[in-house]
Amino acid sequence: MSIQDKLFITCPSCERRQMIPKWEKLLYVCPVCGKYLPLSAQTRLKAVFDAGTMKEMDSNMSPADPLDFPDYEDKVQKQQKKTGMKESAVCARGRIGGIKAVCVVLDSHFFMGSMSSVVGEKVTRAIEYATQKKRPLIIFSASGGARMQEGIYSLMQMAKTADAIEEFSRQGGLYISYLTHPTTGGVTASFATLGDITLAEPGALVGFAGPRVIEQTIGKKLPKGFQRAEYLESHGFVDKIVERKDMRDTLIDLLKLHQGSENHGITLLQKKEVAFNE
């Protein structure tokens, strides 16, 4: 790695180069063209939680190799060395605007945020902790879907996490699903699309199969912007698109709006209408 690579990041969109501290200050949004770069789990969690309150959960859990898939263990070790992470999912608890909450982040730097059996277990444990402690749950999704090296074990996590979300909902919990680029495959088909409130970052690709696969299947050209956050918001799939700079403030507003509301006779649907129609 050259000295320039250590000091600067070049935007993949406008190809303008800026010093890394400037990117960090803007949470990795290009200061020239506004292009969103992937945000690491730790950076996102630190940006969301109140300073000094974040505590990571199940941080030592590492991928297994249930199918003895060729070279999988080697690839996992390389990913762990490259990213400093054990798995693509990072779970934490802490306070956001003074309110206790549980957050899960899928990090696309690690195996494209794909869902392994360990990712499913970590997500489920975080949901169950939020259920037990009666804390709001926020999940930031960014995933290529199920992890192919784990086959059916990965696919089983869809039902597992969805069932945990259902129980969380039955207990009256608030689940905010925050979709980032890209959110696809089995993650979209399970917990990512089960939120009481669904937020998305600008331009995020959200869907099960990719646009090219769909076009090849149906033999038709898809509408412009299909599966992007803006298209999904206009069709009611996403409640609100939130710029990264407004991420923390928006979450604080939503959490405060819902805090203690069970005593005020306001339904969740009514609260969502208040939040986004003011």
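Procedures and definitions
- Residues numbered from 1 in each chain as written.
- Predicted model: local features only at pLDDT ≥ 70, side-chain atom pairs only at ≥ 80, totals over all residues.
- Heavy atoms only, no water.
- Patch = residues over 30% accessible without salt bridge, like charges linked within 9 Å, V, L, I, M, F, W, Y side chains within 5 Å.
- Areas by Shrake-Rupley, 256 points an atom, 1.4 Å probe, with all protein chains shown as cover.
- Salt bridge = Lys/Arg side-chain N within 4 Å of Asp/Glu carboxyl O.
- Lys, Arg positive; Asp, Glu negative; His and termini not counted.
- Charge placed at Lys NZ, Arg CZ, Asp CG, Glu CD.
- Buried < 20%, exposed > 50% of the residue type's maximum accessible area, 1.4 Å probe, protein only.
- Helix = DSSP H or I, 4+ residues; strand = E, 2+ residues; numbered from the N terminus.
- Expected span 1.5 Å × (residues − 1).
- Pairing = 2+ DSSP bridges.
- Contact = heavy atoms within 4.5 Å.
- Polar contact = N/O pair within 3.5 Å; in protein donor to acceptor, adjacent residues only side chain to side chain.
- 1 Å grid on protein atoms, 1.4 Å probe; cavity = no way out; pocket = protein on both sides within 12 Å on 5 of 7 lines; lining within 4 Å.
- Points joined across faces, edges and corners; volume = space filled by probe spheres on them.
- Nonpolar A, V, L, I, M, F, W, Y, C, P; charged D, E, K, R; others polar.
- Phe/Tyr/Trp six-rings, centres within 6.5 Å; stacked < 30°, edge-to-face > 60°.
- Disulfide = S-S within 2.5 Å.
- pLDDT = per-residue confidence, 0-100.

Undergrad: Please give an account of a negative patch on the surface that cites residues and values.
TA: Side chains of Asp68, Asp71, Glu73 and Asp74 sit close together on the surface and give a patch of like negative charge. Asp74 sits in the partly exposed class, given a relative accessible area of 44%.

Undergrad: Which residues make up helix α4 (residues 72-83), and what values go with them?
TA: Given a rise of 1.5 Å per residue, 12 residues ought to cover 16 Å, and the 16 Å separating the end C-alpha atoms of α4 matches this to within 8%. Phi for Gly84, located one or two positions after α4, is positive at around 75°.

Undergrad: Hey, could you go over the sheet that holds strand β8 (residues 197-200) for me, with residue numbers and the actual values?
TA: One open sheet holds the 7 strands; their spatial order is β3-β4-β5-β6-β7-β8-β9, and the pairing between them is mixed. Strands with a single pairing partner mark the edges of an open sheet, and in this sheet they are β3 (55-57) and β9 (240-241). Sheet analysis places strand β5 (residues 99-106) next to strand β6 (residues 137-143), joined by 4 bridges and oriented parallel. Bridge assignment links Cys103 to a residue of β6, and that residue is Ile138.

Undergrad: Can you explain the environment of His181? Please cite residues and give values.
TA: With respect to the secondary-structure elements, His181 resides in strand β7 (residues 175-183). Distance in space between the C-alpha atoms of His181 and Leu251 is 18 Å, their sequence separation being 70 residues. Setting aside residues up to four positions removed in sequence, His181 forms contacts with Ala142, Gly203, Ala204, Leu205 and Arg228. At a separation of 3.1 Å, a polar atom in the side chain of His181 contacts the main-chain amide nitrogen of Leu205.

Undergrad: Explain the layout of surface pockets residue by residue, including any values.
TA: There is about 340 Å³ of room inside the second largest pocket. In this structure, the second largest pocket is lined by 23 residues; those nearest its centre are Tyr36, Leu37, Pro38, His181 and Arg244. Put simply, the parts of the chain that give the lining of the second largest pocket at least two residues each are β5, β6 and β7. Among the residues making up the lining of the second largest pocket, the classes are represented as 12 nonpolar, 6 polar and 5 charged.

Undergrad: Describe in detail the packing of aromatic side chains, supporting the description with residues and values.
TA: What describes a pair of aromatic rings is the distance from one ring centre to the other and the angle between the planes of the rings. This model, assessed by the stated rule, comprises 4 aromatic pairs. Between the aromatic rings of Phe226 and Tyr231, the centroid separation amounts to 5.6 Å while the plane-to-plane angle is 65°, which identifies the pairing as edge-to-face. In textbook terms, an aromatic cluster arises when at least three aromatic residues are bridged by ring pairs, as seen for Tyr72, Phe110 and Phe111.

Undergrad: Could you give an account of the pattern of salt bridges, with specific residues and numbers?
TA: Scanning the entire structure with this criterion turns up 12 salt bridges. The partner of Glu166 in a salt bridge is Arg170, with the nearest N and O atoms 3.4 Å apart. Within this pair, Glu166 and its partner Arg170 are both found in helix α6 (residues 151-170), separated by 4 residues, close to a single helical turn. By relative accessible area, Glu166 is classed as partly exposed at 40%. Put simply, Asp58, Glu121, Arg125 and Lys160 are held in one network by salt bridges that share partners.

Undergrad: Residues and numbers for unusual backbone geometry, please.
TA: The omega torsion of the bond from His181 to Pro182 falls at -15°, within 30 degrees of zero and hence cis. Position of Pro182 among the secondary structure elements: in strand β7. In this structure, Gln227 is a non-glycine residue whose phi angle is positive, near 75°. Here Gln227 is to be found in the loop between α8 (211-218) and α9 (229-234). Gln227 sits in the buried class, given a relative accessible area of 6%.

Undergrad: Run through the state of the cysteines, naming residues and quoting values.
TA: Under the definition given, this model contains 0 disulfides. The thiol sulfur of Cys11 is not disulfide-bonded, and the nearest other cysteine sulfur, from Cys33, lies at 3.6 Å. Left without a disulfide partner, Cys14 is nearest to the cysteine sulfur of Cys30, which lies 3.7 Å away.

Undergrad: Which residues make up helix α5 (residues 117-133), and what are the values?
TA: Compared with an ideal rise of 1.5 Å per residue, which puts 17 residues at 24 Å, α5 spans 24 Å between its outermost C-alpha atoms and is within 8% of the ideal. For α5, a buried count of 12 out of 17 residues is recorded, marking the element as mostly surrounded by other parts of the structure. The complete set of buried residues in α5 reads Ser117, Val118, Val119, Gly120, Lys122, Val123, Thr124, Ala126, Ile127, Tyr129, Ala130 and Thr131. Summarising the contacts, the buried residues of α5 are in contact with β3, β4 (89-96), β5, β6 and α6. With its phi angle positive at about 55°, Lys134 sits one or two positions after the end of α5.

Undergrad: Could you give an account of the side chain of Ser117, naming the residues involved and the relevant values?
TA: In this fold, Ser117 is placed in helix α5. Apart from the residues lying within four places of it in its own chain, the contact partners of Ser117 are Glu150, Tyr153 and Gln157.

Undergrad: How would you summarise the confidence of the model for the protein if you had to cite specific residues and measurements?
TA: Per-residue pLDDT for the protein has a mean of 92; in total, 91% of the residues score no lower than 70. pLDDT under 50 marks residues 262-278. Its contacts with residues more than four places away, or in other chains, come to 20 contacts.

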